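The primary structure of each chain is shown beneath.
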Amino acid sequence: MITKPCDRCERTIEVEDNRAGAKVECPNCGDMNVMPDAPVRTKPAGSTKRPEDLGLPPDAGPEQQVMLVRPALFRSRPISFSLLTVLAATGIVLAAIHLISPNTVPQWLAIVSVLTVLGGGGVIAWWWIQCLSAALEITNKRTVSRNGLFSRSTSEVVHDNIRNVQVDQTFWERIWHVGTVGISSSGQDGIEIQMKKVPKPGELQRTIDLYRSLD
Ligand SMILES: [Zn+2]
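No experiment lies behind these values; they were computed from the predicted model shown. (Residues numbered from 1 in each chain as written. Predicted model: local features only at pLDDT ≥ 70, side-chain atom pairs only at ≥ 80, totals over all residues. Heavy atoms only, no water.)

### Notes on the sheet that holds strand S9 (residues 162-168)
Strands sit in the order S9-S10-S11 across an open sheet of three strands; the sheet is antiparallel. Among the strands making up the open sheet, the edge pair consists of S9 and strand S11 (193-199). The average angle at which neighbouring strand axes cross in this sheet is 20°, direction not considered. As defined by bridge partners, S9 adjoins strand S10 (residues 178-185) across six bridges and the pair is classed as antiparallel. Looking across to S10, one finds that Asp168 is bridged to Thr180. (Pairing = 2+ DSSP bridges. Helix = DSSP H or I, 4+ residues; strand = E, 2+ residues; numbered from the N terminus. Axes fitted to C-alpha atoms, helices over the stretch in contact; angles between N-to-C directions.)

### What to know about the pairing of S10
Most of S10 sits inside the fold, with eight of its eight residues counted as buried. Burial of S10 is two-sided: the residues Val178, Thr180, Gly182 and Ser184 facing one way and the residues Gly179, Val181, Ile183 and Ser185 facing the other way are all buried. Both S10 and S11 contribute to a ladder of five bridges, which runs antiparallel. What sits directly across from Val181, in S11, is Met195. (Buried < 20%, exposed > 50% of the residue type's maximum accessible area, 1.4 Å probe, protein only.)

### Examining the confidence of the model for the protein chain
The predicted model of the protein chain averages 88 in pLDDT, with 93% of residues at 70 or higher. Ignoring residues within four places in sequence, the model shows residues 39-43, a span with pLDDT below 50, making 15 contacts including any to other chains. (pLDDT = per-residue confidence, 0-100. Contact = heavy atoms within 4.5 Å.)

### Focus on the coordination of the zinc ion
In this structure, Cys6 (SG), Cys9 (SG), Cys26 (SG) and Cys29 (SG) serve as the protein donors to the zinc ion, at separations of 2.3 Å. Coordination of the zinc ion draws on donor residues from a single chain, spaced C-x2-C-x16-C-x2-C in sequence. Remark: Cys26 occurs in the loop between strand S3 (23-25) and strand S4 (32-34) and Cys6 occurs in the loop between strand S1 (2-5) and strand S2 (12-15); sequence separation between them is 20 residues. One exposure class covers both Cys6 and Cys26, and it is buried. (Donors = N, O, S within 2.8 Å, 3.2 Å for Na, K, Ca; no water.)

Here is the structure:
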């Protein structure tokens, strides 16, 4: 048996010997704890940096948030977003001109303008809500994915169990620095956590790699 006081609540955690160095959830408070007598760990190839070197929370110790990522609103659809914004702005201007001098802009055009503003604003609001309803929280122990604004579904992967973090980008996504991030863990087949339209996906991938150990 290996024992250790919990980092947060200080209650003793007991695990079998073969879980030396493993991250264990405290049965009392749920905090993630690294058990002692850890075997020597090697970081992923090319990354010899420790999180502390970059001013990020250390791998050991209590769980802390490292970054919170939401899908990009503008960069994931720059052209349609710009077009809608220009259309809506034109609509506002035309409707305003109609109010000031009804002869310059006829009523039918003013009505079309107002409808355009409402429609364009509605679509942008819908995109915005979609961005707000998805989040990827990276702590020094795990990655948690939350989906849904009202009914929340969450899934999480402990960083030590991550098998692969992959970034997929189309040609345009590469230009706009967005992409799809997929995380697969050693416990499951296929991709366990996925988020599309992630801003700067490479940065996210490197951050998770800092906290992964490839045993
Ligand atoms: Zn605890």
